[in-house]
Amino acid sequence: MTLKALFAASATAALLLALPANAAELTIGFSQIGSESGWRAAETSVSKQEAAKRKVNLKIADAQQKQENQIKAIRSFIAQNVDAIFLAPVVSTGWDSVLKEAKEAKIPVVLLDRDIDPSGKELYLTAVTSDSVHEGEVAGDWLAKTVGAKACNIVELQGTVGASVAANRKKGFDTAIAKHANLKVVRSQTGDFTRAKGKEVMESFIKAEGGGKSICAVYAHNDDMMVGAIQAMKEAGLKPGKEILTVSIDAVPDIFKAMAAGEANATVELTPNMAGPALDAIAAFKGKGTVPPKWIQTESKLYTAADDPQKIYDSKKGLGY
């Protein structure tokens, strides 16, 4: 070996020793809620893409919306001695025991998209989420501005009972409209974050509200429920987006399709890329011991029909929604 080559090899070896653990060495278990919505499917798809970029072995367990399945998956990941665990918690309580097991095994846990009860905050490394209270506030502020001084009866499609994101999106929306005496939620019921349930609940709202004629607006905690609600309104002979205003959260492709057709009015984006920041946080923690902030916040953005919904639909439709 020449002196030049020997120097280059020595420099490379020194550089490698100075670098944090290579992402390619990481195996991460991801307990995903399931695929109850288009957004959730996109989160899974984007998580795989982000892991592949970093050469991380990402093992995804689909819990089919059941906490007991998530707990089983986490215990399986602990038994496999993975480097880290990602958890998108289906509900906010009931995690203490299994997360203590992960902590005792020295396996860091990162929450994605949803938080858990504050009593468990010492049991996970960080949470990568949006500010779901803020999302609800953005939706409520848009509706208040759009309606103006007109009296407006609102029906609300809530997310899964017990999910932190559902409670927070309700809290934020209620806070925003409380400033406006002309805005009133007259009916509120869970649609469980699904299109089918959203349609079913909206049908019951329409029947209860004189065929829907007394409904001014629909607020849904996610777009999938809103897509179902739009179908129910159309089948009832109503004109969503025109006679009845709509505002929802997630910004999945199909809501932009509805917006382009004039059947939806506004959505607040929840980025499906929670895994990217989480993977970076784990790489830094495992490699350099860098402890991330307890909360890594993602951006929330309002979209309306003025934002070229067809173009946005085209840009999102290949993301796995």
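Residues numbered from 1 in each chain as written. Predicted model: local features only at pLDDT ≥ 70, side-chain atom pairs only at ≥ 80, totals over all residues. Heavy atoms only, no water.

Caption draft 1: Quick peek at the packing of helix α8 (residues 223-235) against helix α9 (residues 253-260). In contact at an axis separation of 9 Å, α8 and α9 are set at 40° when each is read in the N-to-C sense. When the interaxial angle is binned, α8 and α9 end up oblique. Where α8 crosses over α9, the handedness of that crossing is left-handed. In contact with Asp-223, Met-226, Val-227 and Ile-230 of α8, α9 contributes Asp-254, Ile-255 and Ala-258. Across the contact of α8 with α9, the residue classes tally to five nonpolar, no polar and two charged. (Axes fitted to C-alpha atoms, helices over the stretch in contact; angles between N-to-C directions. Helix = DSSP H or I, 4+ residues; strand = E, 2+ residues; numbered from the N terminus. Parallel < 35°, antiparallel > 145°, perpendicular 65-115°, else oblique. Left-handed = near helix turned anticlockwise from the far one by under 90°. Contact = heavy atoms within 4.5 Å. Nonpolar A, V, L, I, M, F, W, Y, C, P; charged D, E, K, R; others polar.)

Caption draft 2: The environment of Lys-179, seen in detail. Here Lys-179 shows up in the loop between α6 (164-177) and β7 (183-190). Of the residues examined, Lys-179 reaches a relative accessible area of 62% and is grouped as exposed. Taking the C-alpha atoms as reference points, Lys-179 and Glu-263, 84 residues apart in sequence, are found 27 Å from one another. (Buried < 20%, exposed > 50% of the residue type's maximum accessible area, 1.4 Å probe, protein only.)

Caption draft 3: Broad picture of the nonpolar core. In terms of nonpolar packing, the biggest core is built from 45 residues, with Ile-85, Phe-86 and Trp-95 touching the most fellow members. Residue assignment for this core shows that the elements contributing at least two residues are β1 (27-32), α2 (38-53), α3 (67-79), β3 (84-87), α4 (96-104), β4 (109-112), β5 (126-129) and α10 (275-288). Setting aside residues no more than four positions away along its own chain, Ile-85 makes contact with Ile-28, Gly-29, Ile-74, Phe-77, Ile-78, Ala-102, Ile-107, Pro-108, Val-109 and Val-110. By size, the runner-up hydrophobic cluster in this structure holds 31 residues, among which are Val-155, Phe-205, Ala-229 and Ala-232. (Core = buried A, V, L, I, M, F, W, Y, C linked by side-chain atoms within 4.5 Å.)

Caption draft 4: How the structure looks around the pattern of salt bridges. Summed over all chains, the structure comprises 21 salt bridges. In this structure, the salt-bridge partner of Arg-169 is Glu-135, at a minimum N-O distance of 2.8 Å. Taken as a pair, Arg-169 in helix α6 and Glu-135 in helix α5 (residues 132-147) lie far apart in primary sequence, 34 residues in all. With relative accessibility at 2%, the residue Arg-169 sits in the buried group. (Salt bridge = Lys/Arg side-chain N within 4 Å of Asp/Glu carboxyl O.)

Caption draft 5: Structural detail: α2. The end-to-end C-alpha distance of α2, which contains 16 residues, comes to 23 Å, matching closely the 22 Å that a straight helix rising 1.5 Å per residue would cover. Turning to α2, its buried residues number three or more, namely Gly-38, Trp-39, Arg-40, Ala-42, Glu-43, Thr-44, Val-46, Ser-47, Glu-50 and Ala-51. Among the residues trailing α2, Lys-55 stands out with phi positive, at a value near 55°. (Expected span 1.5 Å × (residues − 1).)

Caption draft 6: The state of the cysteines, seen in detail. One pass over the full model with this rule turns up one disulfide. Two residues, Cys-152 and Cys-216, share a disulfide whose sulfurs are 2.1 Å apart. Here the S-S torsion is close to -90°, and the disulfide linking Cys-152 with Cys-216 is therefore left-handed. Residue Cys-152 is found in strand β6 (residues 152-158), and its partner Cys-216 is found in the loop between α7 (195-208) and β8 (217-220); the two are separated by 64 residues along the sequence. The burial state of Cys-152 is the same as that of Cys-216; both residues are buried. (Disulfide = S-S within 2.5 Å.)

Caption draft 7: Region of the structure containing the UniProt feature "domain: Periplasmic binding protein" (unreviewed entry) in the protein. Listed under "domain: Periplasmic binding protein" (unreviewed entry) in the UniProt record, and renumbered for this structure, are residues 28-276. Here residues 28-276 is 42% helix and 21% strand, with 13 Å between the C-alpha atoms at its ends. (UniProt positions renumbered as here; feature names shortened; annotations may be inferred.)

Caption draft 8: Layout of the sheet that holds β7. Spatially, the six strands line up as an open sheet ordered β7-β6-β8-β9-β10-β12, and their pairing is mixed. Here the strands that pair on one side only, and so sit at the sheet edges, are β7 and β12 (300-304). For this sheet the average axis-to-axis angle between neighbouring strands, irrespective of direction, equals 20°. Alignment of β6 against β7, held across seven bridges, turns out to be parallel. The residue bridging Asn-153 from the neighbouring strand is Lys-184, located in β7. Across the face of the sheet, α7 comes into contact with β6, β7 and β8 while running at roughly 130° to β7. (Pairing = 2+ DSSP bridges.)

Caption draft 9: Just the sheet that holds β5, in detail. Spatial strand order, β2-β1-β3-β4-β5-β11: six strands in an open sheet with parallel pairing. For this open sheet the edge positions go to β2 (57-62) and β11 (295-297), each flanked by a neighbour on one side alone. When strand polarity is set aside, the average angle formed by the axes of neighbouring strands in this sheet is 20°. Where β1 meets β3, four bridges bridge the pair, whose relative direction is parallel. Note that in β3 the partner of Ile-28 across the bridge is Ala-84. Seen against the sheet, α3 touches β1, β2 and β3 and runs at an angle of roughly 170° to β1.

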